[in-house]
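# Breakdown of the fold
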Amino acid sequence: MVEISKQTVADDVAVELLMDGAFGPARYSRSVWLLRSGPPVADLCLVLRVSDAMLASLRFWEVQLEQQTVLLLGPLAVQPDLRGRGYGLQIVAEGLARAAAIGKWPLVLVSGEPDYYPKFGFVPAAPYQLAWPGFVEPERLQFLELHQGALAALRPPLRVRAIDA
Ligand SMILES: CC(C)(COP(=O)(O)OP(=O)(O)OC[C@H]1O[C@@H](n2cnc3c(N)ncnc32)[C@H](O)[C@@H]1OP(=O)(O)O)[C@@H](O)C(=O)NCCC(=O)NCCS
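Now for a description of the structure that goes with this document. (Residues numbered from 1 in each chain as written. Predicted model: local features only at pLDDT ≥ 70, side-chain atom pairs only at ≥ 80, totals over all residues. Heavy atoms only, no water.)

## A word on the pairing of strand 2 (residues 46-50)
Counting buried positions over the five residues of strand 2 gives four, a clear majority of the element. Pairing of strand 1 (residues 2-6) with strand 2, which is carried by five bridges, proceeds in the antiparallel orientation. Residue Val2 lies in a different strand from strand 2, and its bridge partner there is Val50. Strand direction decides the pairing type here: strand 2 and strand 3 (residues 53-65), joined by five bridges, are antiparallel. Residue pairing across strands places Leu46 opposite Leu58, the latter belonging to strand 3. (Buried < 20%, exposed > 50% of the residue type's maximum accessible area, 1.4 Å probe, protein only. Helix = DSSP H or I, 4+ residues; strand = E, 2+ residues; numbered from the N terminus. Pairing = 2+ DSSP bridges.)

What follows is the structure in structure tokens.
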């Protein structure tokens, strides 16, 4: 049975190994990590388990979009030998549902596969002219609206920065 729950301290090493395998140790030099200067949002650090085995991990950070605090989705990874079975879909859907239920954030931003995130309702962020801290392929940047009207209210160009920057 699939169970999605908050990550515990006991999961930390397994999550780090999963991310090492998915993105390699050089992942921390990617520009997205400049935005993850503080801790992740504790309520949204999720793991997916089947029969107690941790198969997927998803976390979110808060980032600053001009004057607003929004969510940055990721990193997300599923155990390599168990991809393509819907686990990614389930943990992302659960993370977004929990974020929406908390209600604090008008938008979720992701730097991710342009083909993967539209299934959750993400739209390209290119029209909003995001100033990102470092190199990013612009087509990877996508927004999901959690508060109705949040996208329409944006006034580009928009600077994205770490919460304490
Ligand atoms: C990306 C990842 C999290 C997807 O998890 P998963 O459990 O394999 O995906 P799912 O089985 O839930 O796939 C759901 C759908 O997304 C599609 N999909 C899976 N990976 C995809 C990708 N990288 N790009 C585009 N579509 C993808 C699947 O084909 C499936 O499509 P369908 O519903 O039309 O059949 C997983 O492949 C992974 O860990 N990759 C390495 C790390 C990574 O790239 N993380 C995030 C990238 S932004």
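Moving on from the coordinates now.
## With respect to the pairing of strand 8 (residues 141-145)
Within strand 8, four of the five residues are buried, which leaves the element mostly enclosed by the surrounding structure. Where strand 5 (residues 107-111) lies against strand 8, five bridges are found, and the strand directions are antiparallel. Counted as the bridge partner of Leu109 is Phe143 from strand 8.

## As for the site of the ligand
Residues in contact with the ligand amount to 18 residues; listed here are only the nearest, Leu76, Val78, Gly84, Gly86 and Leu89. For the ligand, an oxygen atom lies 2.8 Å from a polar atom in the backbone of Val78. When isolated, the ligand has an accessible area of 870 Å², and the protein chains bury 66% of it. Of all the secondary-structure elements, those providing two or more residues to the shell around the ligand are helix 1 (12-23), strand 4 (68-78) and helix 2 (87-102). Among the residues forming the shell around the ligand, the class breakdown is nine nonpolar, four polar and five charged. (Near = heavy atom within 4 Å. Polar contact = N/O pair within 3.5 Å; in protein donor to acceptor, adjacent residues only side chain to side chain. Areas by Shrake-Rupley, 256 points an atom, 1.4 Å probe, with all protein chains shown as cover. Nonpolar A, V, L, I, M, F, W, Y, C, P; charged D, E, K, R; others polar.)

## Observations concerning the packing of aromatic side chains
Enumeration over the complete set of coordinates arrives at seven aromatic pairs. With a centroid separation of 5.5 Å and 75° between ring planes, the pair formed by Trp33 and Trp61 is classed as edge-to-face. Of this pair, Trp33 sits in the loop between helix 1 and strand 2 while Trp61 sits in strand 3, and the two are 28 residues apart along the sequence. A residue is classified by how much of its surface remains accessible, and Trp61, at 4% relative accessible area, is buried. With centroids separated by 5.6 Å and ring planes inclined at 75°, the aromatic side chains of Tyr128 and Phe143 adopt a geometry described as edge-to-face. Placement of Tyr128 in the loop between strand 6 (123-124) and strand 7 (130-131) and of Phe143 in strand 8 is noted, with a sequence separation of 15 residues between them. Since its relative accessible area comes to 0%, Phe143 is described here as buried. A network of ring pairs unites the aromatic residues Tyr116, Tyr117, Phe120 and Phe122 as a single cluster. In this structure, Arg36 packs its charged tip against the face of Trp33, placed 4.5 Å from the ring centre. (Phe/Tyr/Trp six-rings, centres within 6.5 Å; stacked < 30°, edge-to-face > 60°. Lys NZ or Arg CZ within 6 Å of the ring centre and 35° of its normal.)

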